[in-house]
Amino acid sequence: MCIFCKIINKEVPAAVVYEDDDVLAFKDVRPLAPVHILIIPKRHIESISNLTEEDTELAGKLILTAKKIAEDFDISPKGYKLLFRVGEWGGQEVPHIHLHLIGGAKLQENIHPEVI
Ligand code: AMP
Ligand code: ZN
């Protein structure tokens, strides 16, 4: 089972900030900014590459959940970054779809080179 599925099953601890039947959101353990949260589907899907037409609603829900959490953390007025890494060349390390919500500071590419 992948590390994020273990977090969903509460076998691995995480700082959960939002949860419902479809998605889970928790703080990234190696934050790149003051706010760095990962939003994941509860169903194991390896990558954006593996999404199908039937996942349209779920994919939209990941984005709308990020929007809601950005509002909860009060980073919405100034703005933030949403990022999906996809596959090897996209730099994806964990094989379970995750949407990065990164904010709380003015993000500059030269300060956070790993965040393209
Ligand atoms: P990616 O490189 O897009 O696959 O991002 C994976 C992210 O997951 C990285 O930013 C890691 O810091 C984060 N991460 C890995 N393991 C954990 C964990 N157990 N709890 C929280 N975040 C994690
Ligand atoms: Zn998984």
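Look a little higher up for the structure.
All figures in this text were calculated on a predicted structure; none of them were measured in a lab. (Residues numbered from 1 in each chain as written. Chains lettered and ligands numbered in written order. Predicted model: local features only at pLDDT ≥ 70, side-chain atom pairs only at ≥ 80, totals over all residues. Heavy atoms only, no water.)

J.: What am I meant to see in the coordination of the zinc ion (ligand 2) here?
T.: Octahedral metals with six donors have ideal donor angles of 90 or 180 degrees. Tetrahedral metals with four donors have an ideal donor angle of 109.5 degrees. Only Cys2 (SG), Cys5 (SG), His44 (ND1) and His96 (ND1) from the protein coordinate the zinc ion (ligand 2), and they sit 2.0 to 2.3 Å from it. Bound by four donor atoms, the zinc ion (ligand 2) shows angles of 102 to 120° at the metal and therefore tetrahedral coordination geometry. Mapping the donors of the zinc ion (ligand 2) onto the primary sequence yields the spacing C-x2-C-x38-H-x51-H. With Cys5 in helix H1 (residues 3–8) and His44 in the loop between strand E3 (35–41) and helix H2 (56–72), the pair connects residues that are 39 residues apart, well separated along the chain. Taking the relative accessible area as the measure of exposure, His44 reaches 39% and is therefore partly exposed. (Donors = N, O, S within 2.8 Å, 3.2 Å for Na, K, Ca; no water. Tetrahedral: all angles 85-135°; square planar, octahedral: opposite > 155°, others 65-115°. Helix = DSSP H or I, 4+ residues; strand = E, 2+ residues; numbered from the N terminus. Buried < 20%, exposed > 50% of the residue type's maximum accessible area, 1.4 Å probe, protein only.)

J.: Would you take a moment to explain the sheet that holds strand E5 (residues 99–103) for this structure?
T.: Note on sheets: strands pair through backbone hydrogen bonds, and any given pair is parallel or antiparallel. Pairing in this open sheet of five strands is antiparallel, and the strands run E1-E2-E3-E5-E4 from one edge to the other. A strand with exactly one partner marks an edge of an open sheet, and here the two such strands are strand E1 (16–19) and strand E4 (80–83). Taken pair by pair, the neighbouring strands of this sheet meet at an average axis angle of 15°, ignoring direction. Sheet analysis places E3 next to E5, joined by five bridges and oriented antiparallel. Following the sheet pairing, Ile37 is matched in E5 by Leu101. Each of E1, strand E2 (23–27), E3, E4 and E5 touches H2; the most contacted strand, E3, lies at about 155° to it. (Pairing = 2+ DSSP bridges. Axes fitted to C-alpha atoms, helices over the stretch in contact; angles between N-to-C directions. Contact = heavy atoms within 4.5 Å.)

J.: I would appreciate a short explanation of the site of ligand 1 in the present structure.
T.: Around ligand 1 sit 16 residues in total, of which Asp28, Glu93, Val94, His98 and His100 are the nearest. In the environment of ligand 1, an oxygen atom lies 3.2 Å from a nitrogen or oxygen atom belonging to the backbone of Gly91. Looking at the shell around ligand 1, the elements with two or more residues in it are H1 and E2. Among the elements that line the shell around ligand 1, the one with the most residues is H1, at three residues. Considered class by class, the residues forming the shell around ligand 1 number seven nonpolar, four polar and five charged. (Near = heavy atom within 4 Å. Polar contact = N/O pair within 3.5 Å; in protein donor to acceptor, adjacent residues only side chain to side chain. Nonpolar A, V, L, I, M, F, W, Y, C, P; charged D, E, K, R; others polar.)

J.: Any chance you could explain the pattern of salt bridges here in plain terms?
T.: Any two side chains of opposite charge can pair, on the condition that their charged atoms come close. Enumeration over the complete set of coordinates arrives at eight salt bridges. As a salt-bridge pair, Glu93 and Arg30 come within 3.4 Å of each other at their nearest N and O atoms. Of this pair, Glu93 sits in the loop between E4 and E5 while Arg30 sits in the loop between E2 and E3, and the two are 63 residues apart along the sequence. Considered together, Glu93 and Arg30 belong to a single accessibility category, that of exposed residues. If you follow the salt bridges from partner to partner, you end up with Lys10, Glu19 and Lys42 in one network. (Salt bridge = Lys/Arg side-chain N within 4 Å of Asp/Glu carboxyl O.)

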